[in-house]
Amino acid sequence: MRRKIFSFLAAAAIVTTASAQSSSYYDTRHEVGITIGSGATTEIFSDLADFTEIIVSTLITTTATGGSFTGNVSYGDESYIPTISAEYYYHVSKLVGLGGFVAFNGMDRDMYANWKNNSTGATTKEKIGKASRRNLSIVPTAKFDWLCKKNFGVYSKLGLGVSFMYESQDADDKSSKDYSDTDAVFNFQLSLLGMEFGAPRFRGFVELGMGEQGILLAGLKYKF
């Protein structure tokens, strides 16, 4: 049984090698690509996390005076900048490519002050500014090409890196104080299934996985 298994693996290796040698795809060492994805790690975090709680009077110095009003900040609906990434890989072998990607995404929300008149009990709501998150990630990555054909390929990716998450809350009143903060957090990308298709050098691709490029992403790449 062991001899049969060994013979089968050896035959598969010979066929794979012969196929690789007959394809011009293997003549390319470099590949560059651009992607757009949905469900990136920082995108999900930005959607779930609350903005840093701030006191209304720190933003609106001309209104919150004398203790006549008390208030709190609330936020409107989100508008998103999708996760866009640029990547590069150098193929050290037919199986392994080393490189990584730089990714960017963001989110904006209008800020509102909800005021209560302490004398009359009346409440008012007014737009006072914009809250934003901007996320920049740098993730070194390894790419594993499981199937390499002239016009089609199957691969996986694994990357570990860092994301810089910048939060800002900017008041429309320029005489008011603004808030900003930046955090650096560990991040990753695991693409369990990637498929590329097209010409030997210029291809489209889709990936399914999780991490900073997204749960589902698509893009274009060029090999040279």
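Please refer to the structure placed before this passage.
Being a predicted model, the structure only gives us computed values, none of them experimental.

K.L.:
Which residues make up the side chain of R109, and what values go with them?
P.N.:
Looking at where R109 falls in the secondary structure, it is placed in strand β3 (residues 96-117). Within the structure, R109 has its side chain in polar contact with the backbone oxygen of G76 (distance 2.7 Å). Dropping the residues within four chain positions of it, R109 is found in contact with F51, Y75, G76, D77, E78, K130 and A131.

K.L.:
How would you explain the packing of aromatic side chains if you had to name every residue and give the values?
P.N.:
Counted according to the given criterion, the structure contains 2 aromatic pairs. Taking 5.9 Å as the distance between ring centres and 15° as the angle between the ring planes, the aromatic pair formed by F144 and W146 counts as stacked. Taking the relative accessible area as the measure of exposure, F144 reaches 24% and is therefore partly exposed. Take W146: its relative accessible area is 54%, and that puts it in the exposed class. Lying across the ring of Y112, K125 places its NZ or CZ 4.8 Å from the centre. Seen from the ring of F205, K221 lies directly overhead, with NZ or CZ sitting 4.5 Å from the centre.

K.L.:
Which residues make up the pattern of salt bridges, and what values do they have?
P.N.:
Under the criterion given, the structure shown has 14 salt bridges. Residue E207 pairs with K157 through a salt bridge whose shortest N-O separation is 3.1 Å. Placement of E207 in strand β7 (residues 202-211) and of K157 in strand β5 (residues 152-171) is noted, with a sequence separation of 50 residues between them. Looking at E207, the relative accessible area reads 2%, which means it is buried. In this structure, K221 engages E196 in a salt bridge whose closest nitrogen and oxygen atoms are separated by 2.8 Å.

K.L.:
Just give me the short version of helix α2 (residues 41-48), but keep the residues and values in it.
P.N.:
Every buried residue of α2 is listed here: T42, E43 and S46. Each buried residue of α2 sits inside an arc of 105° when the element is viewed along its axis, so together they form one side.

Criteria and thresholds
Residues numbered from 1 in each chain as written. Predicted model: local features only at pLDDT ≥ 70, side-chain atom pairs only at ≥ 80, totals over all residues. Heavy atoms only, no water. Helix = DSSP H or I, 4+ residues; strand = E, 2+ residues; numbered from the N terminus. Polar contact = N/O pair within 3.5 Å; in protein donor to acceptor, adjacent residues only side chain to side chain. Contact = heavy atoms within 4.5 Å. Phe/Tyr/Trp six-rings, centres within 6.5 Å; stacked < 30°, edge-to-face > 60°. Buried < 20%, exposed > 50% of the residue type's maximum accessible area, 1.4 Å probe, protein only. Lys NZ or Arg CZ within 6 Å of the ring centre and 35° of its normal. Salt bridge = Lys/Arg side-chain N within 4 Å of Asp/Glu carboxyl O. Arc of directions from axis to C-beta.

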